[in-house]
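Commentary on secondary and tertiary structure
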Amino acid sequence: MKVFVTYAIPEKGIELLKEKFDVDVYTGEKFLTKSELIERAKYAEAIITQLRDPIDREFISSLQKAKIIANYAVGYNNIDVQAASERRIYVTNTPGVLTEATADIAFALILSVARRIVESDKFVREGKFIGWKPKLFLGYDLYGKTLGIVGMGRIGQAVARRALGFGMKIVYYNRKRLPEEIEKEYNAQYVDLDTLIKFSDYISIHTPLTNETYHLINAERIAKMKPNAILINTARGPVVDEKALYEALRERRIAGAGFDVYENEPQLTPGLEKLDNVVLLPHIGSATYETRDKMSEMVAINVIQALEGKTPQNIVPEQKEIF
Ligand code: NAP
Ligand code: GLV
Ligand code: GLV
């Protein structure tokens, strides 16, 4: 049986797969085009995909033998799950193993934007540091401030754990309120989204990208943020109206923003790169050696389970009803 891997992932999972199957890993640097992806996936029983691969209805209908599409990511907004379900192809993701690494990046962005870490580093490298000054690179406190978490799931809660250590107050918004024990654990208060927007000093996004969350943070909501607000997005770019956010940042209507993801990734809203009140990362939320190894193992386990006739352990929630 053939497993096609659309882009090289850490060896750990590949080795597990090679013990059982014929594994075709695309090892080029340049991304495959959609037609190249279709060509190479056509007769594979399993396809391991990347979050940037467009696994749409056209791609799915071209598959001749596929039993599973295993995304090397927890987010799977790149996959048309409905189309896969209609053909009884499993869709799996990698939940849990990347939670702490991604929460670390969200927190790194909070600290970097609030304390102007990147600008300060550049200043020193450029030889501009001539000595301590009372007003050099003033930023904002975290201690005592309110962090609004939009999407208090696995990663949102891991961010809350970090925030507690920094003495922050936590408010959160989800569609479903969390059980009281969990709220108590984080001393977190459930509020509606507009209240969160209005009262938070820091806002961190952790929802998946869905039809409901597209532009959840729009111009109107950005206009209601505090002037000292700092917005962090490590979820998916289109959850935020990036153009509207750019305008607010340029006009200093809010204090700053930290990006790990972009609305039209990898493109940025023109001008974003010129602002000094933003920190821009290249989608590295889960990028640690340990985490990427675990993700690699996890996709392999899912593929092995599917090809050995079992229901894979990490089928996406939408498929739990049908398998
Ligand atoms: P998760 O455990 O499923 O948490 C998602 C949270 O979002 C849940 O609490 C959910 O609560 C909430 N949510 C869903 N739809 C919502 C809506 N319409 N309005 C408000 N809240 C909503 O997922 P996770 O593992 O924490 O991952 C979250 C996302 O982070 C992933 O989907 C992925 O896109 C992104 N991510 C990015 C990176 C990176 O490299 N930057 C790494 C990992 C993950 P309710 O269902 O109650 O609404
Ligand atoms: C990364 O963005 C992921 O969804 O795993
Ligand atoms: C700063 O370095 C201080 O000692 O306050």
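Before any of the text, the structure's been laid out above.
The sections below set out a description of the structure shown in this document. Predicted model only: the values in this text are computed from it and were never measured.

**Quick notes on the overall build of the chain**
Looking only at helices and strands, the chain has 12 helices and 12 strands in total. For the chain, whose C-alpha radius of gyration is 21 Å, the value lies close to the compact-globule estimate of 20 Å for 323 residues. Overall, the C-alpha framework of the chain stretches about 65 × 50 × 30 Å when taken along its three principal axes. With 323 residues in all, the chain has 53% of them scored as buried. Sequence-distant contacts in the chain: of pairs separated by 6 or more residues, those separated by 24 or more amount to 60%. Accessible area for the chain stands at about 16100 Å²; split by element, carbon and sulfur atoms hold 52% of it. If you average the places of the 44 positive and of the 44 negative side-chain charges in the chain, the two averages end up 3 Å apart.

**Concerning the site of ligand 2**
The immediate surroundings of ligand 2 are formed by Leu51, Ala73, Val74, Gly75, Leu98, Arg236 and His283. Within the side chain of Arg236, a nitrogen or oxygen atom sits 2.7 Å from an oxygen atom of ligand 2. Protein contacts shield 88% of the accessible area of ligand 2, which totals 190 Å² for the unbound molecule.

**Focus on the site of ligand 1**
Around ligand 1, the structure places 25 residues, and the nearest of them are Ile155, Arg175, Lys176, Thr234 and Asp260. Residue Ile155 places a main-chain N or O atom 2.8 Å away from an oxygen atom belonging to ligand 1. Within the backbone of Thr234, one N or O atom sits 2.8 Å away from a nitrogen atom of ligand 1. Burial of ligand 1 by the protein chains amounts to 89% of its free accessible area of 930 Å². Here the residues of the shell around ligand 1 sort into 7 nonpolar, 12 polar and 6 charged.

**Observations regarding unusual backbone geometry**
At the junction of Glu265 and Pro266, the peptide bond is cis and its omega measures out at 0 degrees in the coordinates. Secondary-structure assignment places Pro266 in the loop between strand E11 (256-259) and strand E12 (278-280). Positive phi, normally seen in glycine, also occurs at Phe137, with a value near 50 degrees. Mapping Phe137 onto the fold places it in the loop between helix H6 (117-125) and strand E6 (146-150). Positive phi, close to 55 degrees, is recorded for Arg252, a residue that is not glycine. Inspection of the secondary structure assignment puts Arg252 in the loop between helix H11 (242-250) and E11.

**A closer look at the sheet that holds strand E9 (residues 202-205)**
The 7 strands lie next to each other as E8-E7-E6-E9-E10-E11-E12, forming an open sheet whose pairing is parallel. With partners counted over all chains shown, the strands left at the sheet margins are strand E8 (188-190) and E12, one partner each. On average, adjacent strands in this sheet sit at an angle of 15 degrees to one another, irrespective of strand direction. Sheet topology note: the E6/E9 ladder contains 4 bridges and is parallel. Within E9, the residue paired with Ile149 across the bridge is Ser204. Of the strands in this sheet, E6 and strand E7 (169-173) touch helix H7 (residues 154-165), which is tilted by about 170 degrees from E6.

**Some words on the pattern of salt bridges**
Considering all chains together, one arrives at 29 salt bridges under this definition. Among the salt bridges present, the one from Lys34 reaches Glu58, with a minimum N-O distance of 2.5 Å. Here Lys34, found in helix H2 (residues 34-41), pairs with Glu58, found in helix H3 (residues 57-62); they are 24 residues apart in sequence, far enough to count as distant. Given a relative accessible area of 26%, Lys34 falls into the partly exposed group. The shortest N-O distance in the salt bridge between Glu183 and Arg177 comes to 2.8 Å. Looking at Glu183, the relative accessible area reads 8%, which means it is buried. Arg177 gets classed as exposed once you look at its relative accessible area, which sits at 54%. A network of salt bridges, in which partner residues are shared, links Lys243, Glu247, Arg250, Glu251 and Arg253.

**Thoughts on the nonpolar core**
Buried together is how nonpolar side chains tend to be arranged in soluble globular proteins. With 52 residues, the main nonpolar core has Val3, Leu17, Ile48, Met152 and Val303 as its most contacted residues. Two domains each provide a minimum of three residues to this core, namely domain 1 (2-97 + 289-319) and domain 2 (99-280). Not counting residues within four places of it along the chain, the set of residues in contact with Met152 comprises Gln157, Ala160, Ile170, Tyr172, Tyr173, Asn174, Leu178, Tyr186 and Ala188.

**Considering the packing of aromatic side chains**
This structure, assessed with the given rule, holds 7 aromatic pairs. With 5.5 Å between their ring centres and 50 degrees between their planes, Tyr7 and Phe31 make a pair best called tilted. Taken together, the residues Tyr7 in the loop between strand E1 (2-5) and helix H1 (11-18) and Phe31 in the loop between strand E2 (22-25) and H2 connect sequence positions 24 residues apart. According to the relative accessible area criterion, Phe31 is partly exposed, its value standing at 42%. Their ring planes at 0 degrees and their centres at 5.6 Å tell us that Phe259 and Tyr262 sit as a pair that is stacked. Like Tyr262, Phe259 is buried.

Rules and cut-offs
Residues numbered from 1 in each chain as written. Chains lettered and ligands numbered in written order. Predicted model: local features only at pLDDT ≥ 70, side-chain atom pairs only at ≥ 80, totals over all residues. Heavy atoms only, no water. Helix = DSSP H or I, 4+ residues; strand = E, 2+ residues; numbered from the N terminus. Rg over C-alpha atoms; globule rule 2.2 N^0.38 Å. Buried < 20%, exposed > 50% of the residue type's maximum accessible area, 1.4 Å probe, protein only. Contact = heavy atoms within 4.5 Å. Areas by Shrake-Rupley, 256 points an atom, 1.4 Å probe, with all protein chains shown as cover. Lys, Arg positive; Asp, Glu negative; His and termini not counted. Charge placed at Lys NZ, Arg CZ, Asp CG, Glu CD. Near = heavy atom within 4 Å. Polar contact = N/O pair within 3.5 Å; in protein donor to acceptor, adjacent residues only side chain to side chain. Nonpolar A, V, L, I, M, F, W, Y, C, P; charged D, E, K, R; others polar. Pairing = 2+ DSSP bridges. Axes fitted to C-alpha atoms, helices over the stretch in contact; angles between N-to-C directions. Salt bridge = Lys/Arg side-chain N within 4 Å of Asp/Glu carboxyl O. Core = buried A, V, L, I, M, F, W, Y, C linked by side-chain atoms within 4.5 Å. Domains from an automatic or database assignment. Phe/Tyr/Trp six-rings, centres within 6.5 Å; stacked < 30°, edge-to-face > 60°.

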